[in-house]
Structure formats: structure tokens, C-alpha cells
Amino acid sequence: MKGGNAMNYFLAVNDRQLGTCLRMLFAEKLQPAVQTVLNDKGKIEFHISIAADDDLLESLKERYTILIS
């Protein structure tokens, strides 16, 4: 999370991260929404959002961070 800001979406910067995130969310029986965004450098990013409470979102973000590291 950039600068300590809590984002309300998962950030994937490549296909591998996108696949990892989607598999994790589908395993939790969640239906994510994926938005494709061009960042400041002109590169594609995927913003993956879910409908979940803050506790579940933070827990899943921690897990996602471990999975993509």
C-alpha cells in the first residue's frame, strides 16, 4: 500500500498477479470486479474490487501480499 494509504482494491500489475488474486477470491466464494487502468507510466494495472467488510478485506490483502511476494 503506497504511503500507508489503505486502498479499497487489490492491485495487480501483471497477469500472474491477476490470476493469483482471482484464484484467491474465487476460493473464498467472492465475485470480484476487475477494472483495467493505465498508470502514470502508461502501463496497464488491474484494480480488483470485492464487496466485503474492512476486516475481511484487510485479511485478504495480507494474504494476497504474501502470495505475490
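Before reading on, note that the structure itself is shown above.
Everything numeric here is computed off the predicted structure, so don't read it as measured data. (Residues numbered from 1 in each chain as written. Predicted model: local features only at pLDDT ≥ 70, side-chain atom pairs only at ≥ 80, totals over all residues. Heavy atoms only, no water.)

Caption draft 1: Examining the pairing of strand β2 (residues 33–38) more closely. In this structure, β2 lies alongside strand β3 (residues 44–49), joined through six bridges in antiparallel fashion. Within the sheet, the bridge partner assigned to Val34 lies in β3 and is Ile48. The antiparallel pairing of β2 with β3 creates a hairpin that spans five residues between the two strands, and Gly42 there sits at a positive phi of about 80°. (Pairing = 2+ DSSP bridges. Helix = DSSP H or I, 4+ residues; strand = E, 2+ residues; numbered from the N terminus.)

Caption draft 2: The sheet that holds β3, seen in detail. Spatial ordering of the open sheet is given by β1-β3-β2, a layout of three strands whose pairing is antiparallel. Single-partner strands in this sheet number two, and they are β1 (10–12) and β2. Neighbour to neighbour, the strand axes of the sheet diverge by 25° on average, direction disregarded. (Axes fitted to C-alpha atoms, helices over the stretch in contact; angles between N-to-C directions.)

Caption draft 3: Expanded view of the nonpolar core. Counting residues in each nonpolar core, the largest one holds 15 residues, and the members touching the most others are Phe10, Leu25, Ile48, Ile50, Leu60 and Tyr64. The leading source of residues in this core is helix α1 (residues 15–27), at five residues. Residue contacts for Ile50: discarding those within four places in its chain leaves Phe10, Leu25, Leu30, Pro32, Leu57 and Leu60. (Core = buried A, V, L, I, M, F, W, Y, C linked by side-chain atoms within 4.5 Å. Buried < 20%, exposed > 50% of the residue type's maximum accessible area, 1.4 Å probe, protein only. Contact = heavy atoms within 4.5 Å.)

Caption draft 4: Structural context of unusual backbone geometry. The phi dihedral of Lys29 is positive, around 65°, even though this residue is not glycine. Topologically, Lys29 is positioned in the loop between α1 and β2. Lys29 sits in the exposed class, given a relative accessible area of 73%.

Caption draft 5: Region of the structure containing the side chain of Thr20. Here Thr20 is to be found in helix α1. Judged by its relative accessible area of 12%, Thr20 falls in the buried class. In terms of polar contacts, Thr20 uses its side chain to reach the backbone carbonyl oxygen of Arg16, at 2.9 Å. Setting aside residues up to four positions removed in sequence, Thr20 forms contacts with Leu67 and Ile68. (Polar contact = N/O pair within 3.5 Å; in protein donor to acceptor, adjacent residues only side chain to side chain.)

Nothing here speaks to function; it is geometry throughout.
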